[in-house]
Amino acid sequence: MAGMSTKTRETYENLCKLLINFFGDIDVENIRDEDPVRFFEHLCGWQKMSTVRGNLMAFRKVVKWLKRKNYNVIDPEEIKVPKKTKEEMEYLELYEVETFLEAVSRKTRGYSYVNRLRNIAIVQVLFSSGIRVGELCKLNKNSIKNRQFVTASKGGDPRPCFISQEAEKAIKEYLDARADSNVALFISNQNGRRITTGNVRNIFKNACNQCGLEKVHPHTMRHSLATFLLDRGMDLLDVSKILGHTNLNTTQIYTHIKNPKLRDRYNIIMQRVAI
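Computed from a prediction, not measured in an experiment: that's the story for all the values here. (Residues numbered from 1 in each chain as written. Predicted model: local features only at pLDDT ≥ 70, side-chain atom pairs only at ≥ 80, totals over all residues. Heavy atoms only, no water.)

(A) Local environment of the overall build of the chain. Check the secondary structure of the chain and you find 13 helices and 2 strands. Per-residue burial for the chain yields a buried fraction of 41% across its 275 residues. For the chain, long-range pairs separated by at least 24 residues make up 57% of all intrachain contacts whose partners lie at least 6 apart in sequence. For the chain, the computed accessible surface area is about 16100 Å², with 51% contributed by carbon and sulfur atoms. (Helix = DSSP H or I, 4+ residues; strand = E, 2+ residues; numbered from the N terminus. Buried < 20%, exposed > 50% of the residue type's maximum accessible area, 1.4 Å probe, protein only. Contact = heavy atoms within 4.5 Å. Areas by Shrake-Rupley, 256 points an atom, 1.4 Å probe, with all protein chains shown as cover.)

Here it is, written out as structure tokens:
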């Protein structure tokens, strides 16, 4: 488990408990091809679908690892992960963001080491700041100081943006690996010029092919940050400011998805209103 985030470690520890509770303390080589379907049906009986998906994805990764270690286990592809509905595709759960990061960091044809570092930094910045892809492409090397920078909202008004420590670390590793004098924070691997929105979308498309997630776009990270912050109790107005929404109603679309506490408070208040 070396190198894993705390969240990822917790995911695998929880998966082990689920597998032992369902299959019993048996040898992994005794799991049969039809068993993943039974496990899936068991989980669906008491877990929400996003949690079921996360457990199945972790299960498949474990089986892939065992396969590489020459264990006589089932084909990992027999562990089917249900696709998200159109509505659910608006955002990623945290474990899916980690899966996506793992995909962009993977050695792939056409992406050198320095460009894999760039791709990691791009995803980290998009997710932790919630900025749009066009705003990302305009960033320069000196734009971000103390994990904060300023960008313009759609209406032209400047707004403060923030990045995580992990994003800051990813940027440093990427810039340390570069040997050019371009002022742009992110540059293309083809011509050395400032990266374009099309370049970023291609990075995301290739990563989707690597990790099995479908229709993950740069803007998906913006939605993911909004739902992540609301789910952990951040005030709706503060999230609106971080995203640069001029209308609070725009931010409010996320509340029914990932902030049941806010919805419950709303319902309690509205029960007292006789209209």
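(B) Inspection of unusual backbone geometry at higher detail. Positive phi values are uncommon outside glycine, yet Asn70 reaches one of about 70 degrees. Considering the arrangement of structural elements, one finds Asn70 in the loop between α3 (49–68) and α4 (94–105). With relative accessibility at 72%, the residue Asn70 sits in the exposed group. For Arg147, which is not a glycine, the phi torsion comes out positive at approximately 60 degrees. Tracing the backbone shows Arg147 in the loop between α6 (133–137) and β1 (148–152). Judged by relative accessible area, Arg147 falls into the partly exposed class, the value being 30%.

(C) Quick look at the packing of α4 against helix α5 (residues 113–129). Here α4 crosses α5 at 160 degrees, and the two axes come no closer than 8 Å. Classed by the angle they form, the pair α4 and α5 counts as roughly antiparallel. Here the hand of the crossing between α4 and α5 comes out right-handed. In this structure, α4 uses Leu94, Val97, Phe100, Leu101, Val104 and Ser105 to contact α5, whose residues at the interface are Arg116, Asn119, Ile120, Val123, Gln124 and Phe127. (Axes fitted to C-alpha atoms, helices over the stretch in contact; angles between N-to-C directions. Parallel < 35°, antiparallel > 145°, perpendicular 65-115°, else oblique. Left-handed = near helix turned anticlockwise from the far one by under 90°.)

(D) Inspection of empty space enclosed by the protein at higher detail. Going through the model one piece at a time under the given rule, you end up with 1 cavity of 30 Å³ or more. In terms of lining, the largest cavity is formed by Ala103, Val104, Arg106, Thr108, Tyr111, Arg116, Asn119, Ile203, Asn206, Ala207 and Gln210. Looking at the lining of the largest cavity, the elements with two or more residues in it are α4, α5 and α8 (197–211). Here the lining of the largest cavity gets 4 residues from one element, more than from any other, and that element is α8. Tallied by class, residues from the lining of the largest cavity come to 5 nonpolar, 4 polar and 2 charged. (1 Å grid on protein atoms, 1.4 Å probe; cavity = no way out; pocket = protein on both sides within 12 Å on 5 of 7 lines; lining within 4 Å. Points joined across faces, edges and corners; volume = space filled by probe spheres on them. Nonpolar A, V, L, I, M, F, W, Y, C, P; charged D, E, K, R; others polar.)

(E) Structural view of the environment of Lys215. Checked against the element boundaries, Lys215 lands in the loop between α8 and α9 (218–231). It is 9.2 Å that separates the C-alpha atoms of Lys215 and Glu90, two residues lying 125 residues apart in sequence.

(F) Layout of the packing of α5 against α8. Where α5 contacts α8, the axes come no closer than 11 Å and their chain directions differ by 100 degrees. It follows that α5 is roughly perpendicular to α8 by the angle criterion. The residues of α8 that touch α5, namely those facing Arg118, Asn119, Ile122, Val123 and Leu126, are Val200, Ile203 and Phe204. Among the residues making up the contact of α5 with α8, the classes are represented as 6 nonpolar, 1 polar and 1 charged.

(G) Quick peek at the pairing of strand β2 (residues 158–162). Residue alternation in β2 divides its side chains into a buried set, Arg159 and Cys161, and an unburied set, Pro158, Pro160 and Phe162. The sheet contact formed by β1 and β2 spans 5 bridges and is antiparallel. By the bridge assignment, Thr151 is partnered in β2 with Arg159. (Pairing = 2+ DSSP bridges.)

(H) Just the pattern of salt bridges, in detail. All told, the structure shown has 12 salt bridges when counted by the stated rule. The closest approach of N and O atoms between Arg132 and Glu135, which form a salt bridge, is 3.4 Å. Among the residues examined, Glu135 registers a relative accessible area of 11% and is labelled buried. When the shortest N-O distance is used, the salt bridge between Lys141 and Asp180 registers 4.0 Å. In this pair, Lys141 sits in the loop between α6 and β1 while Asp180 sits in the loop between α7 (165–177) and α8, placing the two residues 39 residues apart along the sequence. Residue Asp180 is classed as partly exposed on the basis of its relative accessible area, which comes to 29%. Taken together, the shared-partner salt bridges in this structure form one network comprising Arg32, Glu34, Asp35 and Arg38. (Salt bridge = Lys/Arg side-chain N within 4 Å of Asp/Glu carboxyl O.)

It is worth stressing that arrangement in space is one thing and function is another; only the former is reported here.
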